[in-house]
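Structural features, examined
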Amino acid sequence: MKKMILSVSLLGLLLPAIAFAQTETSGREKIYKATHVKSTELKHTKLKVNFDYQNEQMNGEEWLTASPYFYPSDSLILDAKAMLIHEVAMDKSGNKVPLKYNYTNNVLTITLDKTYNRNQDYTVYIKYTARPNEAEKQGSPAKGLYFINAQGKDKNYPTQIWTDGESEYSSVWFPTIDKPNQKTTQEIYMTVPDKYLTLSNGVLKESAKESGGMRTDHWVMDKRHSVYLFFMGVGEYVVVKDKWRNIPIDYYVEKEYEPYARQIYGNTPEMMEFFSKKLDYDYPWPKYAQISARDYTSVAMENTTATLHSHDVLQKPGQLIDENKWEEYIAHELFHHWFGDLVTNESWSNLTLNESFANYSEYLWNEYKFGKDQADYHLMSNVGRYLRSPSDFTKDLVRFSYESPEDVFDVVSYQKGGGILHMLRNYLGDEAFFTGISDFLKTYEYKNAEAQQLRLSFEKISGKDLNWFFNQWYYGSGNPKLDYSYTFEPVKKQVELVISQSQEKPFEFPLAIDVYDNGKPVRYNVWVNAKAKNTFSFNVLKNPDLININADGILLSEIADKKTAAQNLLQFTQSREFLSRYKALMGIKDIPDDPASIKLFQAALKDPFFRIRIKALELLDLTHKDQAKALTADVEKLAGNDPKTLVQAAAISALAKTKNKKYLSLFEKGVNAVSNSVKGNSLKAIITTDPSKADKLIDKIDLSGASQSLLISMIPIVVKNNVTSQMQHIVPVVVLYPLFREKNPELEKSAAEGFSWMMSSDNKAATEGMAKILRQVKDFVLQDPKTKAKFSQMLQEGIARKMEFLKQNPQKAESVNEQIAVLNKLLEDYK
């Protein structure tokens, strides 16, 4: 899984023309990326490693057992990025016979001692040094092996080592055939200081004390999996133990978060049970562990039996009482252990077999655990990300043209792909859909597959031809863009509905239509053919009150829709589906004071689904007389008593717009709440209502894990009052201030002041946080010369301020010089 953090998503809102445009050729040019030709079959990989913390390198020995895949061969060609190769030999029952080799351009070519035939195994021994920092210097976008605070210079930051092999970066830390269609068993001996815990794939077979305060852990994975899923993790962790059936489950957490580990990860056993039953295929691996890493630039990675999460997975009660923001990612990575780890895409062109399924697992878990409304809300949000990314509309889901494997890790493979699976599930029906994917898993377990083989499994089970579906949605691009109109024929008592498609290539699809006759919806399921216009007739008693197309919210589409406030009210009150209710609520956004709109607000504030209540609170405005009269009492109740703290927080914000001091006691109570959202919105409300109270409440601020909107609103308060404890938490917004000038000049001003304040201080955490984000957004920013120049100027000004601070505070030279070095390195990247 490769997903973007807060600042990258914020960048996407600011730079829609370049965000997510992976390369100029991605998905358009006639470049054919073939599946890697298998001339060698890996069988077993054995590693013995120890770590040079001072130089951030790894000393390794490898025993690689392989054989020719089909044709006889006298050579072995391996990927090995930026290594030092010390020795290559044929291992014959422990005796090493030197072999000739050539190592150039990150490729290790070994001449074997003879020509080997298919299924004739041999074992090659390689002694090497892995140098991940050299790989980065050579232009690799990922280091594969990461040393965090390796020399322990920062006493307030943990020392960690972790790996991340996707897409093809395992070859930074061991020579291998670094392609997804290579699977092998493995074992790793890791020698580390005894104070550290280790984690790798499979199970810990033994642990032996060594001299000098060291220890060697022996991890064994006896089931085949792809090399990009190999993992090592090292650090000071505590392990909270859990289990599912007879499978051990471990949560590796930093000591500070041990009390909250079960709140964060505790649904994992239930997820394993649910997915095992849903797929009719039990979790296929011997254990499951989850670990977090500092400075991890993605969200999470499904290393087989050893999922790696960003440090952001670690949350405390103030965040968890609102919601576990990592719940869906935990489900996503676990589901990969079937789709991605058990059955793996044979090439990055077929990434949909990994990521679309993992994305859809989030829907499945939400549906099972939290209800269909929550699942449909998640689907709407996911599909919305794709629909707001027009640069991705030309990309096929199965994509044989791309510049780099990283290009396919986008909203098409993830969000759109999940929406496509939802459509397929509803077309086939649940029994055929889940039986089909179970057949796919059982047919290709521990192997590789492509999307056509998925189609064949669904066809085998359902008996239906699915080429039409796969040609449109898997091997085609775009989506339906629909407009509709209807006329009533009183003599025939029929309504004629015309549905038009405006996109370049028409689609065919099933469509749910609700015709509202005498105030009640009647559901019609029709088939829309692949042509510009389709016409349908329905029997009605009178001119319909309204027609709602895509009433079940399943079709991945854009629909031009304009309804009156009264029609939206009718749709909201008569629809059971979340999307229809949500669209009706959004439909009154520009007519909020219409009497029907106010009635809709009243209904929405009582909706059983909390996301609807939140959206209503965000849209209403109690400074409007008619709204205030009808809605204030309901908003007050939500602010004080709603079972969802996120709703309470939204209600507090709605009341704050009135600037009515009668609510100050409510806001002051909220400042002392456990919930971060209630606390943050209450503080904002007090400052809005009575700015003189701001200084007294500053110590109540805690922006760790805060939402983007809360960060933005709190920056002026933090900067004005020099709240240094929160400096590092405002970095994700402050560091992007050069982009705000046109979109939001007021935010640009406060964020720029925050940057100047940050650069005029000795705050290593803030500087390193800034560096982390600027490295993450670099590829996006560098696509635009003007934007690049803005960031370059920002960094130059930041360095100047740090140097001025150093001049005034020479006693802080060591720390500040380290920060200046970090800034200078960034400046080189942005020049």
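I will try to describe carefully the structure that is included in this document. (Residues numbered from 1 in each chain as written. Predicted model: local features only at pLDDT ≥ 70, side-chain atom pairs only at ≥ 80, totals over all residues. Heavy atoms only, no water.)

So, about the packing of aromatic side chains. Enumeration over the complete set of coordinates arrives at 53 aromatic pairs. Where Y237 meets Y252, the ring centres are 6.1 Å apart and the plane angle is 70 degrees; that geometry is what we call edge-to-face. Residue Y237 is found in the loop between β15 (232–235) and β16 (238–244), and its partner Y252 is found in strand β17 (residues 247–253); the two are separated by 15 residues along the sequence. Across the pair, exposure class does not vary: Y237 and Y252 are buried alike. Clustering of aromatic rings is evident, with ring pairs tying together F274, F275, Y283, Y288, F335, W338, F339, F357, W365, Y368, F440 and Y444. Above the ring of Y125, the side-chain terminus of K96 is found at 4.5 Å from the ring centroid. The lysine or arginine in question, K114, covers the ring of Y116, its NZ or CZ lying 5.1 Å from the ring centre. (Phe/Tyr/Trp six-rings, centres within 6.5 Å; stacked < 30°, edge-to-face > 60°. Helix = DSSP H or I, 4+ residues; strand = E, 2+ residues; numbered from the N terminus. Buried < 20%, exposed > 50% of the residue type's maximum accessible area, 1.4 Å probe, protein only. Lys NZ or Arg CZ within 6 Å of the ring centre and 35° of its normal.)

Moving on: the side chain of Q472. In this structure, Q472 sits in helix α12 (residues 467–473). A residue is classified by how much of its surface remains accessible, and Q472, at 13% relative accessible area, is buried. Looking at Q472, its side chain comes within polar contact range of the main-chain nitrogen of E508, at 2.6 Å. (Polar contact = N/O pair within 3.5 Å; in protein donor to acceptor, adjacent residues only side chain to side chain.)

This brings us to the environment of A694. Among the secondary structure elements, A694 is positioned in helix α21 (residues 694–697). With 10 residues separating them along the chain, A694 and K684 place their C-alpha atoms 8.9 Å apart.

All right, on to the layout of surface pockets then. Approximately 300 Å³ is the volume found for the second largest pocket. Along its surface, the second largest pocket is lined by 11 residues, and F393, S477, G478, E504 and K505 are the ones closest to its centre. (1 Å grid on protein atoms, 1.4 Å probe; cavity = no way out; pocket = protein on both sides within 12 Å on 5 of 7 lines; lining within 4 Å. Points joined across faces, edges and corners; volume = space filled by probe spheres on them.)

Turning our attention to the nonpolar core. Ranked by internal contacts, the top residues of the largest apolar core, which has 95 residues, are L617, M770 and L774. In terms of residue count, helix α18 (residues 645–656) provides more of this core than any other element does, 9 residues in total. The residues contacting M770, other than those within four sequence positions of it, are V731, V735, F755, M759, L795, L823 and L826. (Core = buried A, V, L, I, M, F, W, Y, C linked by side-chain atoms within 4.5 Å. Contact = heavy atoms within 4.5 Å.)

Packing of helix α15 (residues 595–605) against helix α17 (residues 625–641) brings their axes to within 10 Å, and their N-to-C directions diverge by 5 degrees. For the element pair α15 / α17, the angle class is roughly parallel. Residues I598, F601, Q602 and L605 of α15 touch α17, and the partners they reach there are D626, Q627, A630, L631, D634, V635 and L638. Split into classes, the residues belonging to the contact of α15 with α17 amount to 7 nonpolar, 2 polar and 2 charged. (Axes fitted to C-alpha atoms, helices over the stretch in contact; angles between N-to-C directions. Parallel < 35°, antiparallel > 145°, perpendicular 65-115°, else oblique. Nonpolar A, V, L, I, M, F, W, Y, C, P; charged D, E, K, R; others polar.)

Time to look at the sheet that holds strand β6 (residues 100–104). Strand order in the open sheet formed by 3 strands is β3-β7-β6, with antiparallel pairing between adjacent strands. A strand with exactly one partner marks an edge of an open sheet, and here the two such strands are β3 (73–79) and β6. Taking the axes of each pair of neighbouring strands and ignoring which way they run, one obtains an average angle of 20 degrees across the sheet. Here β3 pairs with strand β7 (residues 107–116) via 6 bridges, running antiparallel. (Pairing = 2+ DSSP bridges.)

What follows is about empty space enclosed by the protein. In this structure the tally under the stated criterion is 3 cavities of 30 Å³ or more. Of the voids in this model, the second largest cavity is the one considered here, and its volume is about 70 Å³. Within the residue set of the lining of the second largest cavity, elements represented by two or more residues are α20 (676–689) and α22 (708–720). Per-element tally for the lining of the second largest cavity: the top contributor is α20, with 4 residues. Among the residues making up the lining of the second largest cavity, the classes are represented as 5 nonpolar, 2 polar and 3 charged.

The next thing to look at is a nonpolar patch on the surface. A contiguous nonpolar surface patch, about 380 Å² in accessible area, is contributed by Y69, F70 and Y71. Tracing the chain through its elements places F70 in the loop between β2 (57–68) and β3. For F70, a relative accessible area of 43% translates into the label partly exposed. (Patch = residues over 30% accessible without salt bridge, like charges linked within 9 Å, V, L, I, M, F, W, Y side chains within 5 Å. Areas by Shrake-Rupley, 256 points an atom, 1.4 Å probe, with all protein chains shown as cover. Salt bridge = Lys/Arg side-chain N within 4 Å of Asp/Glu carboxyl O.)

Attention now moves to helix α19 (residues 664–671). For α19, every residue scored as buried is listed here: L664, F667, G670 and V671. Along the long axis of α19, the arc covered by the buried residues comes to 120 degrees, so they all point the same way. In α19, those exposed residues whose orientation departs by more than 90 degrees from the buried face are S665 and K669. Contacts made by the buried residues of α19 are with α18, α20 and α21. (Arc of directions from axis to C-beta.)

Taken as a whole and assessed by the stated rule, the structure comprises 43 salt bridges. For the salt bridge of K277 with E273, the shortest nitrogen-to-oxygen distance reads 3.1 Å. Pair noted here: K277 and E273 are both in helix α4 (residues 268–279), with a separation of 4 residues, about one helical turn. The shortest N-O distance in the salt bridge between R611 and E323 comes to 2.8 Å.

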